[in-house]
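Fold and contact review
Listed below, chain by chain, are the residues.
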Amino acid sequence: MTQKTDINRQMVLASRPFGAPKAENFNLVNSEKPTPKAGEVLLRTVFLSLDPYMRGRMNDAKSYADPVALNEVMVGGSVCRVEESSHSDYNKGDWVVAFGGWQDYSVINGSELLKLDNNMANHSHALGVLGMPGLTAYMGLLDIGQPKAGETVVVAAATGAVGSLVGQIAKLKGCKVIGIAGGDTKCNYAVETLGFDYCLDHKSENLAEQLAAVCPSGIDVYFENVGGKVFDAVMPLLNSCARVPVCGLISQYNATELPSGPDRLSLLVGTLLTKRIKMQGFIVFDDYSHCYPEFSQQMSKWLNAGEIKYKEHRVEGLENAVNAFIGLLQGENFGKLVVRVGPDELV
């Protein structure tokens, strides 16, 4: 792959989706490659991270972060190489993590970048196991979930970028781990490769019965990534003083109305009260950015020792990011979803 041009391809938000995003909600446009000012760095995107939170940023709704404006570049974390630097801490060719978005080039203040080891074996890992998803799994489980040896931990989206790490960390802490994923291939991978004790297919009609059968002593920690019928199956099995870190609700991201059926809010609140359950949402960089050095050191040790397994789902080309993102929200990815936007080498 070669890339030497003054054109900056940008994937912008063309319209706001109603329900599931469609290709027409995006538009690939060309602009001029930007020029850095004092204190800024011109970056060329090598890898782009695709993550479920991006769906929420497409809505014009109040949330923990501002929505993407129409005709503006879609947001996203990226691993980049420095093309030109007007900041003393960065030189041409340096590898960095940035929030550069869905585009070939970005200009960012040097104070907002994370420098990577230029000799790092897999720089794309900084978007996954050694990046935001890894920190999310590590802090959400260990700080909010606080698993103890012998306890039962259940994690939804068990082979995804976050869930796969949650389950493996729980096993390292001596827990019994049950994953919930979509399809036999993913479930087998969770057990045979990641070392989970069980993994159940969320597509099964009798998911609740299967989960009860493999959790005879109830559930002590449930790491929530999905919501919907998965949480419906989990809730009756939560033990007294169970902990529920709430990372995401991907089953609801494309919803245009509340789910049908009876109002279960009173049941949930009553369960939280009578069983003294801790259920806490978190935004990883708002709540835990100061913990990154601790996480990076520990996760790197586990990864280098082979105690953590990591799978990456790589897509080639910025032009294919939209279809990959739509598939992500439908559970089509297998592992951390990353788009290769440009070549590793300097051009």
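Details of the structure are given in the entry above.
Here goes a summary of the coordinates provided.

Cut-off values and rules
- Residues numbered from 1 in each chain as written.
- Predicted model: local features only at pLDDT ≥ 70, side-chain atom pairs only at ≥ 80, totals over all residues.
- Heavy atoms only, no water.
- Helix = DSSP H or I, 4+ residues; strand = E, 2+ residues; numbered from the N terminus.
- Buried < 20%, exposed > 50% of the residue type's maximum accessible area, 1.4 Å probe, protein only.
- Polar contact = N/O pair within 3.5 Å; in protein donor to acceptor, adjacent residues only side chain to side chain.
- Contact = heavy atoms within 4.5 Å.
- Axes fitted to C-alpha atoms, helices over the stretch in contact; angles between N-to-C directions.
- Parallel < 35°, antiparallel > 145°, perpendicular 65-115°, else oblique.
- Nonpolar A, V, L, I, M, F, W, Y, C, P; charged D, E, K, R; others polar.
- Lys, Arg positive; Asp, Glu negative; His and termini not counted.
- Salt bridge = Lys/Arg side-chain N within 4 Å of Asp/Glu carboxyl O.
- Phe/Tyr/Trp six-rings, centres within 6.5 Å; stacked < 30°, edge-to-face > 60°.
- Pairing = 2+ DSSP bridges.
- Core = buried A, V, L, I, M, F, W, Y, C linked by side-chain atoms within 4.5 Å.

A word on the side chain of glutamine 168
- Counting through the fold element by element, glutamine 168 comes out in helix H3 (residues 163–172).
- On the accessibility criterion, glutamine 168 (3% relative accessible area) is buried.
- Within the structure, the side chain of glutamine 168 is placed 3.1 Å from the backbone oxygen of serine 164, a separation counted as a polar contact.
- The residues touching glutamine 168, leaving out its near neighbours within four places in the chain, are Leu194, Phe196, Glu307, Ile308 and Lys309.

Here's the deal with the packing of helix H2 (residues 132–145) against helix H9 (residues 292–304)
- Where H2 contacts H9, the two axes come as close as 10 Å, and the packing angle between them is 100°. Here H2 lies roughly perpendicular to H9, going by the angle between them. Here Gly134, Leu135 and Tyr138 of H2 come into contact with H9, specifically with Tyr292, Glu294, Phe295, Gln298, Met299 and Trp302.
- Here the contact of H2 with H9 is built from residues that sort into six nonpolar, two polar and one charged.

Side note on the side chain of aspartate 220
- Structurally, aspartate 220 can be placed in strand S11 (residues 219–223).
- No salt bridge is formed by the buried aspartate 220; the nearest opposite charge belongs to arginine 243, separated by 5.1 Å.
- There is a polar contact of 3.0 Å between the side chain of aspartate 220 and the side chain of asparagine 239.
- Look past the residues within four positions of aspartate 220 in its chain and what remains in contact with it is Glu151, Thr152, Asn239, Ala242 and Arg243.

Considering the packing of aromatic side chains
- Summed over all chains, the structure comprises ten aromatic pairs.
- Ring geometry for phenylalanine 223 versus phenylalanine 282: centroids 6.4 Å apart, planes at 75°, classification edge-to-face. Here phenylalanine 223 is found in strand S11, whereas its partner phenylalanine 282 is found in the loop between strand S13 (278–281) and helix H8 (284–288), with 59 residues between them in sequence. Across the pair, phenylalanine 282 and phenylalanine 223 agree in class, each one buried.

Section: the sheet that holds strand S10 (residues 198–201)
- Sheet architecture is open: six strands sit in the order S10-S9-S8-S11-S12-S13, paired in parallel fashion. Two strands bound the open sheet, and with one partner strand each, they are S10 and S13. In this sheet, adjacent strand axes meet at a mean angle of 15° when their direction is disregarded.
- Taken together, the three bridges between strand S8 (residues 152–156) and S11 define a ladder with parallel strand orientation.

Brief notes about the nonpolar core
- Membership of the largest hydrophobic core comes to 48 residues, with the highest contact counts inside it found for Val79, Leu141 and Met299.
- Here this core takes six residues from H2, the largest share from any one element.
- Residues in contact with methionine 299, not counting those within four places in the same chain, are Val129, Leu130, Gly134, Ile169 and Ile308.

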